Amino acid sequence: MSSLNENLIRDVVTEVLSRLSGATIAAAAPAAAPAKHDCGCGGKGANGTPGLRGKYGVFSDANEACAAAHEAYLQLQKGGIAARAKIVEIVKNMADANSEAWGRLELEETKIGRLDHKIEKLKIIRLVPGVEWLRPDARSGDHGIMLEEYTPFGVVGAVTPSTHSIPTLSGNIVNIIAAGNAVVFNPHPSAARCAAVAVRAYNEAIFRETGIENVATIIERPSMDSFAAMCKHEAVRILLVTGGPGVVKAAMLTGKRAICAGPGNPPVYVDDTACLKRAAKAIIQGASYDNNLLCIGEKEVFSLDKITDGLMAQMELNGAVRLNSSQLDALTKAAFTITPGQGGGCSHAAVNKDFIGKDPSVLAKAAGINIPAGTQLLFAETDAQHPFVVEEQMMPFLPITRVRNLEEGVARSLEAEHGYKHTSIIHSNDLDALTTMGRALDTTLYIKNGPCMAGLGLGGEGYLSFSIATPTGEGVSNPRTFTRVRRCVMVDNLRIY
Ligand code: NAD
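Everything quoted here is computed from the prediction, not taken from an experiment.

Reading the values: rules and limits
Residues numbered from 1 in each chain as written. Predicted model: local features only at pLDDT ≥ 70, side-chain atom pairs only at ≥ 80, totals over all residues. Heavy atoms only, no water. Helix = DSSP H or I, 4+ residues; strand = E, 2+ residues; numbered from the N terminus. Buried < 20%, exposed > 50% of the residue type's maximum accessible area, 1.4 Å probe, protein only. Contact = heavy atoms within 4.5 Å. Areas by Shrake-Rupley, 256 points an atom, 1.4 Å probe, with all protein chains shown as cover. Salt bridge = Lys/Arg side-chain N within 4 Å of Asp/Glu carboxyl O. Core = buried A, V, L, I, M, F, W, Y, C linked by side-chain atoms within 4.5 Å. Axes fitted to C-alpha atoms, helices over the stretch in contact; angles between N-to-C directions. Parallel < 35°, antiparallel > 145°, perpendicular 65-115°, else oblique. Left-handed = near helix turned anticlockwise from the far one by under 90°. Nonpolar A, V, L, I, M, F, W, Y, C, P; charged D, E, K, R; others polar. Domains from an automatic or database assignment. Buried area = accessible area lost by both parts, 1.4 Å probe. Polar contact = N/O pair within 3.5 Å; in protein donor to acceptor, adjacent residues only side chain to side chain. Arc of directions from axis to C-beta. Pairing = 2+ DSSP bridges.

## Describing the overall build of the protein chain
Okay, so step 1: Looking only at helices and strands, one finds 16 helices and 20 strands in the protein chain.
Okay, so step 2: Taking the principal axes of the C-alpha coordinates as reference, the protein chain spans close to 85 × 55 × 45 Å.
Okay, so step 3: By the burial criterion, 54% of the 497 residues in the protein chain qualify as buried.
Okay, so step 4: In the protein chain, of all internal contacts separated by at least 6 residues, the share reaching a separation of at least 24 is 74%.
Okay, so step 5: Per element, the accessible surface of the protein chain, about 21400 Å² overall, is 53% carbon and sulfur.

## Re the pattern of salt bridges
Should the charged atoms of two oppositely charged side chains come close, the side chains can pair.
Okay, so step 1: All told, the structure shown has 25 salt bridges when counted by the stated rule.
Okay, so step 2: Ionic pairing is found between Asp116 and Arg114, a salt bridge with its closest N-O pair at 2.7 Å.
Okay, so step 3: Of the charged contacts, one joins Asp290 and Lys118 as a salt bridge, the two residues approaching to 3.0 Å between their closest N and O atoms. Placement of Asp290 in the loop between helix 10 (276–288) and strand 10 (300–304) and of Lys118 in helix 5 (residues 115–123) is noted, with a sequence separation of 172 residues between them.
Okay, so step 4: Among the ionic contacts, a cluster of salt bridges with common partners joins Asp305, Asp309, Arg322, Glu381 and Arg402.

## A word on the nonpolar core
Okay, so step 1: Of all hydrophobic cores here, the largest spans 122 residues; its most connected members are Leu169, Ile173, Tyr202, Val215, Val270 and Met315.
Okay, so step 2: Top element by residues in this core is helix 3 (residues 62–97). It accounts for 15 residues.
Okay, so step 3: Beyond its immediate sequence surroundings of up to four residues, Ile173 is in contact with Val91, Ala178, Val183, Phe185, Tyr202 and Ala216.
Okay, so step 4: If you look at the next biggest cluster of nonpolar residues, it comprises 18 residues, including Leu323, Leu363, Ile369 and Ala380.

## Here we look at the packing of helix 15 (residues 406–417) against helix 16 (residues 431–441)
Packed helices, taken two at a time, are described by the angle their axes make and the gap between the axes.
Okay, so step 1: With their axes 10 Å apart at the nearest point, helix 15 and helix 16 run at an angle of 30 degrees to one another. The angle between the axes of helix 15 and helix 16 places the two elements in the roughly parallel class. Helix 16 is crossed by helix 15, and the crossing has right-handed handedness. Contacts from Leu406, Val410, Ser413, Leu414 and Glu417 in helix 15 reach Ala433, Thr436, Met437, Ala440 and Leu441 in helix 16.
Okay, so step 2: Split into classes, the residues belonging to the contact of helix 15 with helix 16 amount to 7 nonpolar, 2 polar and 1 charged.

## As for the domain arrangement of the protein chain
Okay, so step 1: Domains assigned within the protein chain are domain 1 (3–262 + 478–484) and domain 2 (267–461).
Okay, so step 2: Contacts between domain 1 and domain 2 engage 14 residues on the former and 15 residues on the latter.
Okay, so step 3: Buried area between domain 1 and domain 2, both sides added, is near 1100 Å², and the carbon and sulfur share of it is 54%.
Okay, so step 4: Between the two partners, domain 1 and domain 2, sit 2 salt bridges.
Okay, so step 5: Viewed at the interface, domain 2 and domain 1 are joined by 9 residue pairs in polar contact (both at pLDDT 80 or more).
Okay, so step 6: With 4 residues, the single largest contributor to the side of domain 1 that touches domain 2 is helix 5.
Okay, so step 7: When grouped by side-chain class, the residues that make up the side of domain 1 that touches domain 2 number 4 nonpolar, 5 polar and 5 charged.

## Brief notes about helix 9 (residues 245–252)
Okay, so step 1: Along helix 9, the residues classified as buried are Val247, Val248 and Ala251. Down the axis of helix 9, the sector holding all buried residues measures 105 degrees, keeping them to one side. Across helix 9 from its buried face, at more than 90 degrees, point the exposed residues Pro245, Gly246 and Lys249.
Okay, so step 2: Its buried side turned inward, helix 9 meets strand 4 (155–159), helix 8 (224–232), strand 7 (236–242) and strand 8 (257–261).

## Comments concerning the sheet that holds strand 3 (residues 144–152)
Okay, so step 1: One open sheet holds the 3 strands; their spatial order is 2-3-20, and the pairing between them is antiparallel. Whereas interior strands pair on both sides, the edge strands pair on one side only; in this sheet they are strand 2 (137–141) and strand 20 (483–491). Across the sheet, the axes of successive neighbouring strands diverge by a mean angle of 15 degrees, strand direction being ignored.

## Comments concerning the sheet that holds strand 7
Okay, so step 1: One open sheet holds the 6 strands; their spatial order is 1-6-5-4-7-8, and the pairing between them is parallel. The sheet is open, and its two borders are formed by strand 1 (58–59) and strand 8, each paired with just one other strand.
Okay, so step 2: Looking at chain direction, strand 7 and strand 8 are connected through 5 bridges and run parallel. If you follow Leu240 over to strand 8, its bridge partner there is Ile259.

## Description of the environment of Arg193
Okay, so step 1: By secondary structure assignment, the location of Arg193 is in helix 7 (residues 192–210).
Okay, so step 2: Spatially, the C-alpha atom of Arg193 lies 17 Å from that of Phe227, the residues being 34 residues apart in sequence.

## Here we look at unusual backbone geometry
Okay, so step 1: In this structure, Asn214 takes a positive phi of about 75 degrees despite not being glycine.
Okay, so step 2: Residue position: Asn214 is located in the loop between helix 7 and strand 6 (216–219).
Okay, so step 3: The exposure class of Asn214 is buried, given its relative accessible area of 1%.
Okay, so step 4: Backbone geometry places Asp492, a non-glycine residue, at a positive phi of 60 degrees.
Okay, so step 5: One can find Asp492 in the segment after strand 20.

Right under this line is the structure:
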């Protein structure tokens, strides 16, 4: 073999080995992205269409937002993994540094949730995985070597919810750009202004540091039409939607592959082997978080009859306030519009949006009760057909229903979860119960003996994302969710033994 060939093979092997090492992935990237933007474009951006420049990601026209993201994707490719890593670092640092201002802005615009938790949800963007997640896979054998790499799609079209607008957007940017894509957002109309503020700030910083503009774009005044235009745009290769049943259905009808982070209505089952104090504390922590806006949040509890009084006593001891039946009736009348069924059919309850994500004091007023300042959660005993059990209510109120045994607890939980396959929670130390519930509910997240957020790495093991792909099965989204797996093989060669 000639020395030229040997050198070539050595270089290729070195490259393959360095790519296989997650720790060295950034170091292996080409040094194409400048530490500071110095491309000589006079602030107009490199190689871009002039009309798409200087907007820092914020567009009134959906087609322009998609075209600009596509240009940025091509620039990002040139920047290599180093540019992706830099952008991820910028987004994480800025989400943290702006958490107070942006949390306040989002609360002022949406008027749902709690300021302390809006701030925290931005600080924890740090926990969203980045480029380190993309480790190639390799095989070697008698017939040579194979390398499978996680490569980008291009532009991802994303839809964000009103419940966590900037956090979802920021976490999505980290995942999607770490994987080498650009992204265009059609945000929730009632949380679009704050989202645009964050997108503009991210783009200004990213442009300053890397010379790439519009790697995350946003449609300033989103509508159903802009959603349709975004989905139809040829540069948009896949969709990521985070929201309720309407947007999941709409995304699946587009004909493009959609990663859908859909609705939930997480049930909690508590049995007589659980530590009731620990269960009560965890339930309060999860159900009160951001006034119960989390899709993973505890929405209804089924507890064994013989421990229900004990559980409710522990809930009160730990600061939750119990409503009696007339207070519950008053709150239900205010929080739902109930349409009686026709001809003996089932009645239908629609959640009153004025109560979604509101403070416990607002709910207490509707219930006709005074509660101590700082109360995090209200609760009451209900039957299993109560609207607070059946509907995804997103309020700091929790219904508790008695069940006779594990079979009934599991059956009621299944019914309440509506087959969303999103999240279920159990408090138990009985191995049979833990296994039975997990198998029966078949949910994407299943949390044992902890609050819901433990399922996203907050007080439990795992990693964070604000988009949990439930009906389409990708699970807690991460950079790999937004990649195409591509394989290359070398036949009969390149093995080093
Ligand atoms: P929503 O369904 O009202 O809105 C979500 C997004 O979808 C918004 O941007 C909205 O404008 C858009 N949208 C709604 N219907 C649409 C349609 N027919 N066509 C196109 N776009 C449409 O939800 P929300 O109230 O903002 O958020 C709460 C919901 O999102 C809950 O159901 C919650 O469980 C779910 N959620 C799920 C996750 C997850 O990771 N699985 C995360 C957060 C929220």
